[in-house]
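Descriptive structure summary
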Amino acid sequence: MSRPPRKRVCGQSGRDGRLDRVRGTLETKVRAAVAAAAVVMCAGAVVAYDVGPGPDAGPAFAEPVRNATVVIDQGGVRKGYATPQVSVSGGGTVTVVNLDSFDHTVTSVAKGPDGLPAFDVLVRAGTSETVPGVDLLAAGAWDFYCKFHPNMRGTLTVEGTGGGVEPGRPTFDQPLVVPRTERGADVRLVMRRSMVRTRADGPRTAMWTYDGTYPGPTIRRRGGQGTEVTVVNRLPRGAGSMSTHLHGDHHASRDDGQPTSYLIRRGASRTYDYPLTVAGKPEPGSFFWYHDHRMDRTARNNWRGLQGMFIVTDPPRRGLHLPSGARDVPLMISERSFGPDNQLTNPFAHGPRMVGHHGSMAWTGPHAPPDDATIGDTVLVNGREAPYLRVSATRYRLRLLNSSPFSSYNLTLSGGRPFLQIGTGSGLLPRAVVRTHVLLGPAQRADVLVDFHGATGEELVLSSEPATPGTTGDDARSAPVMEFRVGEPARDTSRLPARLPSPELVSPVPRKIAKTWTFGLSGDDHHGSFWSIDGQAFDPDRVDHRVRLGTVERWRFRNTSDVTHYVHVHAEQWRTLRRDGAAPPPWEQGLEDTWRLEPGEEVEVAARFTDHTGPFMIHCHMLDHEDHGMMARFDVLP
């Protein structure tokens, strides 16, 4: 689907002022760096950006030049690179000029022999940088993108005789590991530092884990079966207090993984009570996940490994024959960056500095909003890089979860083999939906069936492929994810369902909007910037909305920033009513707890507030945004 028009970001005048102050200096640096002209190919036509010494400079050359320039104009987040096609002769250099008010990167889609992007350079707002390693690239076309804003894409063509670095071909060298399953009513998880296998070769990786593995154990319980999970904090000194949130579940406020209260100190434990009921009835079959939810530390703690999956199952239903057992596979897709010794990098070592307190929180420094994004170079599935799974030529149920801190994935299978989506993370859909691509942002889940009949002997790759520029999903990252190695046919009693026993949706729904939540960017360079909801940073002591128990409310989400957000609401499971005034797509017509919200977009949702009172959270699930202010509190009153 095409995206709605993007709107101007709120509260960005300070950053624009900074850009104006440095623009003159930047142009001087660019002239010195380029000393001629940058010749680029844009939409099939030659476009010359004259960055020469002055108005008397000669015309730009039409043939490839030794030194080329990638230009990012003001508004690059929306418009993309001003020079999406650049050419350079072998051994040449490429300079990136960032005239935008956002930081950007120029990052190779292809990996080098070391498994890292063949080139990768951060270019801060109002600066220029030289792309390292271009002189080493072999002749050919090298696609690139911005890691912070992946809808920005381009191609660098190395002509003539280049270097010896060829694009690395993805290989799948280690088997997928499905986390062990806990099925009891009393589960004990110990948070501790452990050495875990993430990459096929080299040392194990030190991570913070639930019970010694990444992901932690998968908890699988039937709806209505009350479950107590005791979490023990035995993490290293300096890790601080923790808070575990069961994402998507319906439970009491005190068991919600509050960001600043009911914390688990080092050496202490806390028992979370999950009845797995809604309004006295068993909770519908769902795909939840648990993760750390500590304010100001959520991105760090999740990056270091505090994540696991939780599956709520329905009782057997007559006539519904879905794949089960070993053919029901949960897949947690995430990403990390590693050093040469396979240890996690620390993207938080030089993070922004917080000024103010609670409702007056703001951040300063080069990584302050909107330039805060924790992105990994390496995609992991169930904690492993580029794994493979041996499957029989039968139908499989894949429960897909994006647990990344920032990136989106537009998932597709090689050869165009379709997915049959039967559910979201919050339950089955009313009807199964055939899809060739499944877009998942941070915290989103999809329940899909894949039919491997007729594929014996094939190696099918699950990849993420960005959508066409200007359409929903063009900001997904480009990456191979995992491989399915299809074996012989086997007995298969499963069936592809057309209609599904989906959970009941709240009805009737009020026409009046009870609350509009506006997601934006606020602050300035002088006082600090922050991601905001309704123009404010998170304050755990401020109640931003009050709801009466037993009532149905209709809420609206609005995005006034220049970047996409993923809105997650605690407490209830929600019905999606409208997306930009139209009915939601078929895959959003079940229950949801996390929504993609693009710049300028509006989404309306509704829920009935049942069972539990107290404070709950609404926030962006891009974890840096959550940590840097984009969270609010609402209270359910008796």
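For the structure itself, look to the data block above.
Quick summary incoming for the structure in this document. All values reported here derive from a predicted model rather than from experimental measurement.

The subject of this paragraph is the overall build of the chain. From N to C terminus, the chain includes four helices and 47 strands. A total of 638 residues make up the chain; the buried ones form 59% of that total. Partitioning the intrachain contacts of the chain with sequence separation of at least 6 by distance along the chain shows that 76% fall at a separation of at least 24.

One recurring pattern in soluble globular proteins is that nonpolar side chains are buried together. Of all hydrophobic cores here, the largest spans 56 residues; its most connected members are L156, W555, F557 and F634. With residues near it in sequence (within four places) discarded, L156 still touches V86, V88, V94, F119, V134, L137, G140, A141, W142 and F144. Counting 30 residues, the second-largest nonpolar core is a separate cluster that includes L176, V329, L389 and L411.

Moving on to the environment of V229. Secondary-structure assignment places V229 in strand β16 (residues 227-233). Since its relative accessible area comes to 4%, V229 is described here as buried. Between the C-alpha atom of V229 and that of T244, which follows or precedes it by 15 residues, the distance is 10.0 Å. With near-sequence residues (within four places) excluded, V229 lies in contact with V187, L189, I219, R270, T271, Y272 and Y274.

Another point: the sheet that holds strand β17 (residues 244-247). Sheet strands line up and pair through hydrogen bonds in the backbone, either parallel or antiparallel. Spatially, the five strands line up as an open sheet ordered β12-β15-β22-β21-β17, and their pairing is mixed. Because the sheet does not close on itself, it has two edges, and the strands there are β12 (181-182) and β17. Bridging between strand β15 (residues 218-222) and strand β22 (residues 307-313) involves four bridges; their strand directions are parallel. Opposite R222, over in β22, you have T313 as the bridge partner.

Moving on to the packing of aromatic side chains. According to the stated counting rule, one finds 16 aromatic pairs in the structure shown. Centroid distance Y274 to F310: 6.2 Å. Interplanar angle 85°. Geometry classified as edge-to-face. Within this pair, whereas Y274 is found in strand β18 (residues 269-274), its partner F310 is found in strand β22, the two being separated by 36 residues in sequence. The exposure class assigned to F310 is buried, which follows from its relative accessible area of 1%. Here the guanidinium or amino end of R435 rests over the ring plane of W587, the centre of that ring lying 3.8 Å away.

Turning to the sheet that holds strand β13 (residues 186-196), a few remarks are in order. Ordered in space as β14-β13-β16-β18, the four strands form an open sheet in which the pairing is mixed. Of all strands in the sheet, those bounded by a partner on one side alone are β14 (205-210) and β18. Direction aside, the axes of adjacent strands within the sheet are offset by 20° on average. In the sheet, β16 pairs with β18 via six bridges, with the strands oriented antiparallel. Of the residues in β18, the one forming a bridge with T230 is T271.

Bringing the pattern of salt bridges into the picture now. Considering all chains together, one arrives at 28 salt bridges under this definition. Note that R399 is salt-bridged to D328, the shortest N-O span being 2.9 Å. Here the residue R399 occupies a position in strand β29 (residues 395-402), and D328 occupies one in strand β23 (residues 328-336), the gap between them amounting to 71 residues. Of the charged contacts in the structure, one is a salt bridge between E604 and R556, with a shortest N-O distance of 3.4 Å. Taken as a pair, E604 in strand β45 (residues 602-608) and R556 in strand β40 (residues 552-559) lie far apart in primary sequence, 48 residues in all. Classification of E604 as buried rests on a relative accessible area of 13%. A relative accessible area of 21% places R556 in the partly exposed class.

Two faces, one strand: in a regular strand the side chains alternate between the faces of the sheet. Within strand β30 (residues 409-413), five of the five residues are buried, leaving the element largely enclosed by the surrounding structure. By the alternation rule, side chains of β30 split into Y409, L411 and L413 and N410 and T412, which are all buried. As paired elements, β30 and strand β35 (residues 459-464) share three bridges and run antiparallel to each other. Across the sheet, T412 pairs through a bridge with S463, a residue of β35.

With nine of nine residues buried, β23 lies mostly within the body of the structure. Going residue by residue along β23, you find D328, P330, M332, S334 and R336 tucked away on one face and V329, L331, I333 and E335 tucked away on the opposite face as well. For β23 and strand β26 (residues 378-381), the ladder comprises four bridges, and the chain directions are antiparallel. Bridging across to β26, R336 finds its partner in T378.

Relative to the elements of secondary structure, R542 occurs in the loop between β38 (528-533) and β39 (545-548). Taking relative accessible area as the criterion, R542 reaches 18% and is therefore assigned buried. A polar contact is formed between the side chain of R542 and the backbone oxygen of A537, at a distance of 3.0 Å. A distance of 2.7 Å separates the side chain of R542 from the side chain of D544, its partner in a polar contact.

Conventions used here
- Residues numbered from 1 in each chain as written.
- Predicted model: local features only at pLDDT ≥ 70, side-chain atom pairs only at ≥ 80, totals over all residues.
- Heavy atoms only, no water.
- Helix = DSSP H or I, 4+ residues; strand = E, 2+ residues; numbered from the N terminus.
- Buried < 20%, exposed > 50% of the residue type's maximum accessible area, 1.4 Å probe, protein only.
- Contact = heavy atoms within 4.5 Å.
- Core = buried A, V, L, I, M, F, W, Y, C linked by side-chain atoms within 4.5 Å.
- Pairing = 2+ DSSP bridges.
- Phe/Tyr/Trp six-rings, centres within 6.5 Å; stacked < 30°, edge-to-face > 60°.
- Lys NZ or Arg CZ within 6 Å of the ring centre and 35° of its normal.
- Axes fitted to C-alpha atoms, helices over the stretch in contact; angles between N-to-C directions.
- Salt bridge = Lys/Arg side-chain N within 4 Å of Asp/Glu carboxyl O.
- Polar contact = N/O pair within 3.5 Å; in protein donor to acceptor, adjacent residues only side chain to side chain.

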